[in-house]
Amino acid sequence: MSTTETKQAIRQDGKVVKDTLLDIRNLKTYYPVKGGFLKRTVGHVKAVDNISFEIKKGETLGLVGESGCGKSTTGRTILRLLKPTEGQIIFDGKDITNITGAELRKARRDFQMVFQDPYASLNPTQSVGSIISEPIRNFEKRNKEELKEEVLELLSRVGLPPEAYDKYGHEFSGGQRQRIGIARALALKPKLIIADEPVSALDVSVQSQVLNLLKELQGEFDLTYLFIAHDLSVVKHMSDRIGVMYLGNMVEIASNESLYAEPLHPYTQALISAIPEADPKKKKERIVLQGDVPSPQNPPTGCAFHTRCPMAKEECSKVKPVLKEVKPGHQVACILY
Amino acid sequence: MVNVTADSNKPQEKTVNMSPWAIARRKFFRNKLAMISSFFLLAIMIVSFLAPYITTQDISRVNIGQMSLEPGGEHILGTDKAGRDVFTRLLYGGRISLVVGISCTALVILFGTLVGSIAGYYGGNIDTMLMRFTDFVLTFPFLVFVIVLNTILFGIVDGLWVLIAAISLLSWGGVARIVRSKILAEKENEYILAAISIGCKPSAVIIKHLLPNVLSTIIVQATILFATLIVAESALGFLGIGVPQSIPSWGNMLTASQEADVLRNKPWIWMPPAIILTVTILSINFIGEGLKDALNPKSFR
Amino acid sequence: MARLTSVQNDTPLLEIKDLQTGFKIGKKYYNAVEKVSFKVDRRRIVGIVGESGCGKSVMSLSIMQLLPKGIGEIRGGEIKFEGRNIEKLSEREMNKMRGKDISMIFQEPMTALNPVFTIGYQLEEVLLNHENISKKEARLKSIALLKSVGIPRPDKIVDEYPHQLSGGMRQRVMISIAIACQPKLLIADEPTTALDVTVQAQILELLKDIQEVNDMSIIMITHDLGVVAEICDEVIVMYAGKIVERTDVETLFYDPKHPYTRLLMGAIPKMDEKKEKLETIEGLVPSIQKMPQDGCRFANRCPKAMPECFTITPLLAEDELGHEVACILYDNSRQVERVGER
Amino acid sequence: MKKKSLLLMLSMLLVLSAFLAACSSDSGSDTNDGDADGDQAEAPAGEPAEGGTITYGIEAVPEGLFNWAFYGIATDKEVLDLFDESLITYDENLTPQPHIASWETEDNKVYTFTFEQGVKWHDGEELTVHDWVFALETIADPDYDGPRYTNVQTIEGAPAKNDGSAETISGINVIDDYTVEITFDEARVNNLENVWQYPMSRAQFADIPVAEMSASPQVRQNPVGIGPFKVENIVPGESIELVKFDDYWQGEPKLDSIIVQVLDSSTVVGAIGQGDIDMIDLAPVNGQEVEALDNITVEVYPALTYYYVGFKLGTFNAQTNEITEDKDKYADLNLRKAMAHAINREEWIEAFFFGYGLPVNGPVPSNHWIAADSEDVNVYDYDPELAKQLLEEAGYVDVDGDGFVEDPNGEPFVAKFSHYATSNPTFEARSQAIVQYWNDIGINAELEMTEVNLYYEMVEKDDPSIETFFGGWGTGTDPDPTALWGSDQIWNYPRWKNEESDKLLADALNLEIVGEDQDVRKDLYVQWQELVTSEVPMIFIAELQDITALSNRMGGVTFDVSGKNSPYEWFVTE
Amino acid sequence: MLKYTIRRILGMIPMLLLISIVVFLLAKAMPGDSLSGEIDPNNTDPEYIEDMRERLGYNDPLPVQYFNWISNFVQGDFGKSTRYKMPVSDLILEKLPNTVFLGVSSLLITYILAFSMGIIAGRKPYTIGDHIIGGLNYLGLAIPSFIAGVFAIYIFSFNLGWIPYSGSVDIRLTQGTFEYWMSRIHHVIMPAIVLGALSTASYTQFLRNDIIENSRKDFVRTARAKGTPTSKIYNVHILRNSIIPLVTFLGFDIATIISGAIITETIFTYPGIGQLFIDSVFNRDYPTLMAITMMLSVLTLAGNLVADILYGVVDPRIRLD
């Protein structure tokens, strides 16, 4: 069930979009943990534990959280690279939660992914031309010239010279490789691109190039992004709306401005305050969280955050808060609200 | 608009576009020891397979008048106790040893890769079942199996092929394990997820994306196997359960060394196969090392 | 605003002059650090920023003499620690300094600890290396150290293995090892890069506290300008093996001079700004083998580059406030090194 | 049908026991120690010294069954010969001679045996007839798991004991401690030769159930005998230490001790050369090399084994024990003769047995007393021209001009020759040589090497792929060849059926015809040999010689057709 | 750990059953039976053979034979050797000490050599010492053990006379004395070296590479940064890590050594399980053959288990549960 009652998402530029492209309902993805006598499944890593959200056509939803919070798992589950344990994934009005085999492969042309590691995400034995043309070849029959033309076009779109066509991944720098990955994702003209930490492995100067490119392409190809990152400033730069995840749970979803201007969840507050700002004068009041993120295999009862929450109350360990809208377009899962 | 020239620096090196294979090839060609070994092995192979054109001596004819002749004259390496030319038998023997080595390696790699990649890619129950089966094969009594197979197929199939079948059927376990673990590791790479997400079929993911990237491991394994299997053949020959004695192979030529007389007084009968076997294995090992180096993107040497 | 000149009058803690560190690729050495000079005063936190491959880590390893043997090598210049040249010390003499006078923490807390020894063993080792104490004392001291870096249950943790700890905890252990013998200088090589934001905040706090308590200097190597702003007193910006700018932290952020520094600042998305487009630096850092020997190394990517930039190698020049920049835009001509002089 | 001959052997056994040896030693005539006279070869001898220790080498690993009733292989027997002995011995004509026991008989049915007194077991007990009776009863016992029952079953009442219906063997009548009367089920010429001639220590085995005897320490670790040396220590599979038995009944042995050392064939010559071994039976391959050593004397003496090439002429029905000559590929006598003439036996023996062998012209090795002179049998000497002529006469001519003859119907004729394979490389060469001899007279012969176990199974089961085959037989002290040649015998491998042969063999055992006259008996066997050689069911190739190496310090060792003399007489000269 | 071990042992049972069936069927499929080799000098009676076949149960239906065999086997009754006429268990126990002695000596030599050579080569790679060790390793890897054995006998026993060429001990010595054990060592040393040559070479190589690799690890840099002396870094920090994989090889060695002993024991006439095995193969001594084959399978599986357990013991990162 969708908890999002907002019928409209408002993009940063103020344009109003109505259609929901992706609707995630009560999604759960658990990894079994084997162990004990006879290697039975003794427990689950609750990587994604009951989250729901929507993405409207043409908007960018940022997903932010620390490592192990389940943001990448969410992305991969949506692409059905992982099997969801429970819940529904409705893409463009079609339930893709349980489709398999050829049907799933066919559905894949509409949603693509840009990966985190520019080194591991390109097959080292494939030439760039082959990497970028492969998605097209998987779905359509083209003759060689057409195909090459299309790939060259894509290369130029992402800012790579035509010579790149015959080269191999190892001949490029991280930023260029990431461009190749973007071109591969674009090849099928998908509706949704899930960008999973696309810039976290890059240097600052290159990071900005890639971020700019992604933004430009969005307008040009009418793309919808699910933008996953751990860097709040990057997410803020990219997204229309932002969801904050903690230990498999969505703790807060709000529009870009609303979230930064007035973070409601104590975790979001701490997260924002923890970011070192490139401004030595801005010595802000920092909320330093104590301890580490608990293991997702054995998450705390009640609110998953209560063990580190500076505002935790007794009931926090008992009641699991649900995401509720406290302001228009601003949802938070905390008993304080 | 994207500025096409942005970040569009030419790739760092101004070389012809080199696929990883081309780079490996270049590195390999620069490795002297490996190249010498390759030439040696190639020479051995060519000479062995052209044996009928190189020497006109009959490999099976027993020449009672010419037994145990010392090297020299008509017989470069002398004759064995049956009066057969050692050199001729050495060439023909190389043929058998290499044929056994090559065909077993090919079969073992084929089967090991098949099982290993399927188990590694699919994981879960398929993996468990295949790996149990692999464990089983690895604990199989090899010697007994060879003898039994030889017996069952006696007269139906040539003894040589029985041996190849027996060795191949029981030796793929190690390769399967290695390929599986490599596939498991390689599977973690995001390009595999990428391949799935662009709609590649499982078979395409395995063949086009996983296998080329574990190929270096497989190639290195193949060289190790090649050496091991040649030794296995000769050891079986030495024990008297390998290639039938009517066909010379390096292993069964070496059986002669069990005779004290030959061992002590007629070294020309057993030393040539012993030395050529050792040198062949040595050169295969060097080639393997060379390949390992060449295929390892991190190696500098 | 503190002037860069040292508060104290005695010799600087660390002084580096014309340091050149080479790396062997194939059969040739290429300099990853090219004629770098700077100094670190007592009780200061000096940040070294730059993108990957700028030579900042190589420099830290050069100071520690921890360059990989047979691959990296100091090829020129001098490193003076408390006035003493250390680049020529023997391995044995250097061992006496490492961990005692200068210590270091690394980027990857997951691999920097030996997986097969207990935390206690690894912590005691540094104490036993440098202090004449018994194992028992070392153990007690270790527990105290672990406590001081904020590790809960230190008496239990000493007997645990690295893999049983989280990344943040391991970095705390690394810090405790580094400060065990109260060194005068701590080199922190990207100590928070592998950590989550909330943990990074903890570690930065810890480092600040420790610096105050222990009265030591820190060289903070990072690529994150935010971290620099957060913790450093002065900053060195490196590009392609050279220092391009050096000043105190506030000047750098409010009055950056070198075009590279400026572009870098613009490339970071800021929390309180809204920009459709970020600044970018076109092109790539030249590879170490293809480093231009003449001219400014940033010239080919510099939007303000002039023809001279490709021929004249700019030297680090200091203005009256102690703000050093290596760019001919700011050069007062007296320090221009001629082409070809190396 | 029961076998009558006491000691017949298949040389195949040697192939088995020496499967890893380079060239199987074809020694091991399984006869008993002969008295040291006759045509013996006297070993070089200096002056005997007091005491001394010799090292006695053996090439194969003993199985460790050191008891006459249980042992299986010749190697174990070699050891047994050193510390235990038979009640009866044989002279150079293989005629039984009294030793510990002497005998009397009126009718060749009831024998009275009288034992020497004062013969001691190694454990100090005195040997009495009870020990022999004990041995006979043990072998006849239903639980007995050794292979010697044939040697007691001719005693009256033994079958009853064997099937469990009697407690004891009724034909045994102990008269006193040194006298026993044995009644056989019928009068035969060779009852004496066939009956079991070894005692078994009652004292040692008294408490052991028959079924467990073969595994007992009394057999394996601490065997007790009556011979000149006693077993002191056994390291299984590698060596055995024997020390002099002071109470030996014939007097104190000269040597102090004998060390039996197991050697791999590859190390034999080296060991001998270093002077580590004083005495060892050699494989022919090592003979010449050892002969060249100056610290060693090599003694060569005739053995009772021979090699042949057989023709499969028919099949054997195991149900009815009948042979049918139903294979006609080699039915043509001239073809067989041609193939026999094609083989150059002298050359072959010289090449593969290094001269330690002689061509054999019939089914009895020439040293046996029943062996026919070569004038009395058909000799097939090497004569390729004659062979070709015979082939042509038989209708085997080369029709299609490929160099090989076709059969009389003009069909291609391929002669398959089967030989067993072990790791011994000379097997392949020597059989290839035979194939070549046939090729040389125009027969397209093909060699098939078969793993040895499978080989004998195939030969025995008349597998269609076996056409001509290689084999070896041995003759024992008792010359009766019925087991190998009777037309109701499974070991008649050629499946040769000949009524005349059956009759001659039966006559030779018939008391009424033969009586006590060995010459009559021999004459019948000579006639039989003439018959066999004229029919050529086998091509007789070679009889072998045993070779023993002796170090120069060894003395007192003698040899004859029945083997070495007793170690009692051996000594060292230093 | 205990739970893990029990689970693994339970997991081995179906595998062993399967192997036992295969071993049994293979043995049955081999040509001839023990009695086709039983035709011997003193027995010329086909009926005896038929009788023995019946008595040994060779004529029973296969499942019955299998069931009899396996049920006895599980109870420790491996049957009676058809060749040696004694219980197979006794036979194996008689030969086992020799093979164990050979194996242990070989392992000792292997590990001592591999450790010293590996450490020398790994600490100073690409030096002369390293190249010499590398050369020796290549030879060790390339010379098949039977060739090495033949050469060893040829040179050390015949030409130099240093080493005995057969047996496991000089019989004249009293068991248990110092000379007795010296003689045993004297006899075992050459076969042990030949048997261990291959693994020595590969372990040396492995250790060398592992030391080189580990010396580049971050934790080594940490140790250096602490001021730890180089020798301690190599001997403690690096070695402790490099030992881990090597120690686990120990488990796999168990079965490998016994199979390797087949050839070595044959060449050196060293009476042990290997010789017994090949002997039983050629003589169709099924009870022995099957028992040794099963033993080898059990050892292989047990070796794997030992390897895994050792891994858990030496590597604190691995927890077995």
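Residues numbered from 1 in each chain as written. Chains lettered and ligands numbered in written order. Predicted model: local features only at pLDDT ≥ 70, side-chain atom pairs only at ≥ 80, totals over all residues. Heavy atoms only, no water.

As a reminder, the rule being used: UniProt positions are given in the numbering used here, feature names are shortened, and annotations may be inferred rather than shown by experiment.
Under an unreviewed UniProt entry, the name given to chain E is Peptide ABC transporter permease, and the organism recorded is Jeotgalibacillus soli. You can read under Sequence similarities (unreviewed entry) in the UniProt record for chain E the words "Belongs to the binding-protein-dependent transport system permease family."

Going by what an unreviewed UniProt entry lists, chain B is known as Peptide ABC transporter permease and is assigned to Jeotgalibacillus soli. Looking at the Subcellular location (unreviewed entry) heading of the UniProt record, one finds this comment for chain B: "Cell membrane". Heading Sequence similarities (unreviewed entry) of the UniProt record for chain B holds this comment: "Belongs to the binding-protein-dependent transport system permease family."

1. Overview of the UniProt feature "transmembrane region" (unreviewed entry) in chain B
All names here are of chain B. In plain terms, the rule: Put simply, DSSP marks the helices as runs of H or I at least four residues long and the strands as runs of E at least two long, and each gets a number from the N terminus on.
Mapped onto this numbering, the UniProt entry gives "transmembrane region" (unreviewed entry) at residues 33-54, 96-124, 136-154, 160-179 and 268-288. End C-alpha atoms of residues 96-124 are separated by 41 Å, and the span's content is 97% helix alongside 0% strand. For residues 268-288, helix accounts for 100% and strand for 0%, while the C-alpha atoms at its two ends are 30 Å apart.

2. Comments concerning the UniProt feature "transmembrane region" (unreviewed entry) in chain E
Residue and element names in this part refer to chain E. In the UniProt entry, the feature "transmembrane region" (unreviewed entry) is given for residues 100-120, 141-165, 185-207, 243-268 and 288-314. Overall, residues 100-120 shows 100% helix and 0% strand. The separation of its end C-alpha atoms is 30 Å. Taken end to end, residues 288-314 is 100% helix and 0% strand, and its two terminal C-alpha atoms sit 37 Å from one another.

3. Quick look at the environment of His323(C)
Residue and element names in this part refer to chain C. Put simply, the rule is: Think of it in three bands: residues with accessible area under 20% of the maximum for their type are buried, residues over 50% are exposed, and the middle band is partly exposed, with areas taken using a 1.4 Å probe on protein chains only. Here a residue-residue contact requires only that any non-hydrogen atoms of the pair lie within 4.5 Å. Polar contacts here mean pairs of N or O atoms no more than 3.5 Å apart (in protein, one a potential hydrogen donor and the other a potential acceptor; neighbouring residues in sequence count only if both atoms are side-chain atoms).
The topology assignment puts His323 in the loop between β11 (317-318) and β12 (324-325). Exposure remark for His323: the relative accessible area of 3% places this residue in the buried category. Separated by 197 residues in sequence, His323 and Val126 have C-alpha atoms that sit 38 Å apart. Contact partners of His323, with chain neighbours within four places excluded, come to Glu245, Arg246, Thr247, Thr251, Asp255, Lys257, Ala317 and Glu318. Among the polar contacts made by the side chain of His323, one reaches the side chain of Glu245 at a distance of 2.7 Å.

4. Notes on the packing of helix α5 (residues 135-148) of chain C against helix α7 (residues 167-179) of chain C
All names here are of chain C. As a reminder, the rule being used: As a rule, the C-alpha atoms of each element are fitted with a line to give its axis, helices using only the stretch in contact, and angles between N-to-C directions run from 0 to 180 degrees. By the definition adopted for this analysis, an angle is roughly parallel if under 35 degrees, roughly antiparallel if over 145, roughly perpendicular if from 65 to 115, and oblique otherwise. Crossings are sorted by hand: turned counterclockwise from the far helix by less than a right angle, the near helix makes the crossing left-handed, and turned clockwise it makes it right-handed. Three residue categories are used. Nonpolar comprises Ala, Val, Leu, Ile, Met, Phe, Trp, Tyr, Cys and Pro, charged comprises Asp, Glu, Lys and Arg, and polar comprises the others, including Gly.
Axis separation between α5 and α7 bottoms out at 9 Å; the angle between their running directions is 125°. Taken together, the axis directions place α5 and α7 in an arrangement best described as oblique. Crossing of α5 over α7 shows right-handed handedness. Contact residues: Leu145, Leu146 and Ser148 in α5; Val173, Ser176 and Ile179 in α7. When grouped by side-chain class, the residues that make up the contact of α5 with α7 number four nonpolar, two polar and no charged.

5. Topic: a negative patch on the surface
All names here are of chain D. Counted only if it meets this: Only residues above 30% relative accessible area that lack a salt bridge enter a patch, with like-charged residues linked at up to 9 Å and the nonpolar side chains Val, Leu, Ile, Met, Phe, Trp and Tyr linked at up to 5 Å. In this description, accessible areas are obtained by the Shrake-Rupley approach with a 1.4 Å probe, and a residue is regarded as covered only by the protein chains that are shown. By convention in these notes, a salt bridge is any Lys or Arg side-chain nitrogen within 4 Å of a carboxyl oxygen on Asp or Glu. Positive: Lys, Arg. Negative: Asp, Glu. His and the chain ends are not part of the count. By convention, charge coordinates are those of NZ in Lys, CZ in Arg, CG in Asp, or CD in Glu.
The grouping of Asp373, Glu375, Asp376, Glu500, Asp517, Asp519, Asp523 and Glu530 at the surface amounts to a negative patch. No other element matches the three residues that helix α19 (residues 518-535) contributes to the negative patch. By the secondary structure assignment, Asp373 is in the loop between β17 (357-359) and α13 (384-393).

6. A few points about the sheet that holds strand β12 (residues 249-255) of chain A
All names here are of chain A. Basically, it comes down to this: Note on pairing: two strands pair once DSSP finds at least 2 bridges between them.
Spatially, eight strands are ordered β8-β9-β10-β5-β11-β12-β14-β13 in an open sheet, and the strand pairing comes out mixed. The strands lining the two open edges of the sheet, one partner per strand, are β8 (111-114) and β13 (324-327). Between one strand axis and the next, the sheet turns through 25° on average, direction left out of account. Bridge count between strand β5 (residues 60-64) and strand β11 (residues 241-246): four bridges; the pairing is parallel. Among the inter-strand pairings, Gly62 is bridged to a residue of β11, identified as Ile242.

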